[in-house]
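Close look at the chain arrangement
If you want the building blocks of each chain, they are given just below.
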Amino acid sequence: MFKLLSDVVTAAAVSADWIGIRAVKDITKACAIRDAHPERNSQQFSHGAMVEVLAHGQFGYSATNNLSATSLAQAIVAAYDQAVAASTWAVHGFTTAARPKATGNYISPHRKGLDVLSPAELNQILLQVCDRLKVSDNIAQTSASASSHEIETWFVSSNGSEIYQRDYLVETHFGTIAQDGPTTQLRTDHGYLANSYQGGWELFPGLDLWQRVQQVGEQAVELLDADNCPDLATTLVLAPDQMMLQIHESIGHPLELDRILGDERNYAGGSFIKLDDFGTLEYGSPLMNVTFDPTVPGELASYSFDDVGTPATREYLIREGKLERGLGGLESQQRSQVPGVANSRASSWNRPAIDRMANINLEAGDRSFEQIIANIEHGVYMETNRSWSIDDQRHKFQFGCEYGKLIENGKLTRTLKNPNYRSVTPQFWHSLSQVGDGSTWEMYGTPFCGKGEPNQLIRVGHGSPVCAFKDIEVFGGAV
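Residues numbered from 1 in each chain as written. Predicted model: local features only at pLDDT ≥ 70, side-chain atom pairs only at ≥ 80, totals over all residues. Heavy atoms only, no water.

Description of the overall build of the chain
Stated precisely, the cut-off is as follows: The helix and strand labels rest on DSSP assignments: H or I over at least four residues marks a helix, E over at least two residues marks a strand, and numbering proceeds from the N terminus. This radius of gyration counts C-alpha atoms alone. The globule rule is 2.2 Å times how many residues there are, raised to the power 0.38. Two residues qualify as a contact provided that any one of their heavy atoms is within 4.5 Å of a heavy atom in the partner residue. Each accessible area value is a Shrake-Rupley result obtained with a 1.4 Å probe; residue values ignore everything except the protein chains displayed when judging cover. Positive residues here are Lys and Arg, negative ones are Asp and Glu, while His and the chain termini are left out of the count. Charge coordinates come from a single atom per side chain, which is NZ of Lys, CZ of Arg, CG of Asp or CD of Glu.
When helices and strands are counted, the chain shows 9 helices and 24 strands. At 24 Å, the chain has a C-alpha radius of gyration in line with the 23 Å of a compact globule built from 479 residues. The dimensions of the chain, computed from C-alpha atoms along their principal axes, are 70 × 55 × 35 Å. A fraction of 75% describes how many contacts in the chain between residues 6 or more apart in sequence connect residues 24 or more apart. With an accessible surface of roughly 19200 Å², the chain has 48% of that area assigned to carbon and sulfur atoms. Here the chain holds 38 positive side-chain charges and 57 negative ones, and the gap between their average locations is 1 Å.

Okay, here's the thing in structure tokens:
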């Protein structure tokens with residue numbers, strides 16, 4: 001593959017400043033079960049290449065699913081013509097500094113291959129999951145799914161870049177709905193497809209699978225008779241599986257530089273963050289330390305190079321509460337003059353790379369879970385996102401969770417159903433009062449972060465400890 005791509009770039013019939021080709025091969029296998037009946041068994045294969053050309057200070061793009069030298073050469077010409085046409089309307093002139101030379105490779109850490117489980121074996125596991133979720137006659141619906149992805153990427157450029165990356169990805173889910181008359185309650189294993197990671201089948205089924213299945217089923221039934229979450233301002237404690245969404249929506253998206261520059265406003269909105277906030281804004285309390293970290297082994301969005309060849313490194317976005325760095329690749333960094341990260345990413349071969357989240361993690365603190373709860377006289381503990389709403393500036397929000405517990409005099413007491421909370425992003429993060437230690441830190445992921453026109457669904461990872469927030473408005477009722 002490298003020889004084919006390099007030969008095409010060398011023989012290009014255009015006078016471009018820079019040419020890059022990113023070829024991608026993706027093999028996806030998926031199984032899904034609902035109420036003990038197979039719902040989906042599929043295998044998909046996709047391959048193609050995105051050609052990127054820098055000419056007259058602008059980038060042009062053209063994609064093809066025909067990986068022949070002729071088709072790739074035609075794509076280079078089309079991308080060049082697009083770049084030249086765009087130069088008439090340029091808002092910023094780019095140089096080759098936006099595409100430095102890089103070489104290297106990355107392969108997801110894994111102990112078992114993605115062919116270890118046959119479709120029949122995987123279906124049998126998922127059927128058993130659905131069967132064991134039925135812990136009571138009140139269980140009205142069960143579901144379980146699992147998918148695997150093997151994605152190979154080759155990247156070459158006219159200035160000598162040569163990068164190979166191979167991702168092994170596994171995404172799993174199970175959950176149930178319990179019903180008693182008109183009352184229904186949903187309980188899942190940390191949220192839909194939150195148990196997504198890089199690696200082989202070594203973590204699924206795993207030693208604790210059946211214990212988790214039993215707990216999900218029992219908690220769904222438990223919620224039917226639970227008290228509704230009270231309406232009050234109190235200390236809120238969030239589990240890592242809810243912190244995942246909190247980080248994603250109120251830190252990740254607001255810090256995307258292209259959104260701040262205005263590129264996303266037509267589709268996904270802007271941000272309350274301004275360019276001059278970087279280096280000065282107190283985003284949250286001094287306990288708040290957030291990193292962009294695509295180097296974490298096994299986290300869903302780990303890699304060594306982004307999709308334009310920038311080496312990926314761990315960087316602080318927020319340190320001790322102060323905003324330091326944005327989520328923007330080299331193009332956005334040049335436009336904004338704000339430090340960014342290696343996060344120019346594309347969802348597939350037929351999409352250009354744009355500023356995307358990868359692994360955005362909240363660093364651990366120094367409190368055990370028991371210590372956090374013991375320090376709270378009155379509060380509410382919540383797990384697992386169920387619903388969310390946030391404005392187009394990533395400012396005001398309200399989130400709903402699947403499962404809650406009342407905290408009274410330093411102890412978890414009654415179970416609460418329909419727990420929700422609302423706040424405003426800066427006030428919320430300034431209320432951060434306790435951060436769990438490494439024993440509470442967990443990482444999750446999602447394959448469904450949407451952004452861009454045409455839309456791109458991309459995989460992101462979020463790790464976090466348990467966290468406590470003071471004086472947060474919580475309320476009950478389904479939202």
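Concerning the sheet that holds strand β13 (residues 322-323)
Sheet strands associate in pairs through backbone hydrogen bonding, adopting either a parallel or an antiparallel arrangement. Rule in force here: A pair of strands is considered paired only if DSSP assigns at least 2 bridges between the two.
A sheet is described by the order of its strands in space; here 4 strands give the open sequence β13-β12-β11-β16, paired in antiparallel fashion. Strands with a single pairing partner mark the edges of an open sheet, and in this sheet they are β13 and β16 (360-362). In terms of strand pairing, strand β11 (residues 290-292) meets β16 through 3 bridges, oriented antiparallel. Across the sheet, V290 pairs through a bridge with L362, a residue of β16.

Points about the layout of surface pockets
Condition: Only protein atoms enter the 1 Å grid, on which a cavity is a set of points fitting a 1.4 Å probe that cannot get out and a pocket is an open set with protein on both sides within 12 Å along at least 5 of 7 lines, lining residues being those with an atom within 4 Å of a point. Grid points are joined across faces, edges and corners, and a volume is the space filled by probe spheres set on the points. Here the term charged refers only to Asp, Glu, Lys and Arg, the term nonpolar to Ala, Val, Leu, Ile, Met, Phe, Trp, Tyr, Cys and Pro, and the term polar to all other amino acids, Gly among them.
If you add up the space inside the largest pocket, you get close to 1000 Å³. Forming the walls of the largest pocket are 46 residues, and the residues nearest its centre are D26, H149, I151, S347 and R459. Of all the secondary structure elements, the ones that give two or more residues to the lining of the largest pocket are β1 (18-34), β2 (37-55), β5 (139-157), β6 (162-180), β22 (442-451) and β23 (456-464). In terms of residue class, the lining of the largest pocket is made up of 20 nonpolar, 16 polar and 10 charged.

Overview of empty space enclosed by the protein
Evaluation of the coordinates by the stated rule reveals 2 cavities of 30 Å³ or more. Counted as a void, the largest cavity has a volume near 60 Å³. Lining the largest cavity are G20, I21, R22, M50, E52, Y61, F155, D307, V308, P352 and A353. Elements represented by at least two residues in the lining of the largest cavity include exactly β1 and β2. Of the residues forming the lining of the largest cavity, the biggest block, 3 residues, is contributed by β1. Residues that form the lining of the largest cavity fall into these classes: 7 nonpolar, 1 polar and 3 charged.

Regarding the nonpolar core
The condition is simple: Buried residues of nine kinds, namely Ala, Val, Leu, Ile, Met, Phe, Trp, Tyr and Cys, make up a nonpolar core once their side-chain atoms join them within 4.5 Å. Type-normalised accessible area, obtained with a 1.4 Å probe on protein chains alone, sets the label of each residue: buried when under 20%, exposed when over 50%, and partly exposed for intermediate values.
Residues Y283, Y421 and W429 are the most contacted members of the largest nonpolar core, which totals 51 residues. Those residues within four positions of W429 in sequence are excluded, and the remaining contacts are M243, Q246, I247, S250, I251, Y283, G284, S285, M288, L362 and F469.

In short, the description is geometric, and any link to function would need to be established separately.
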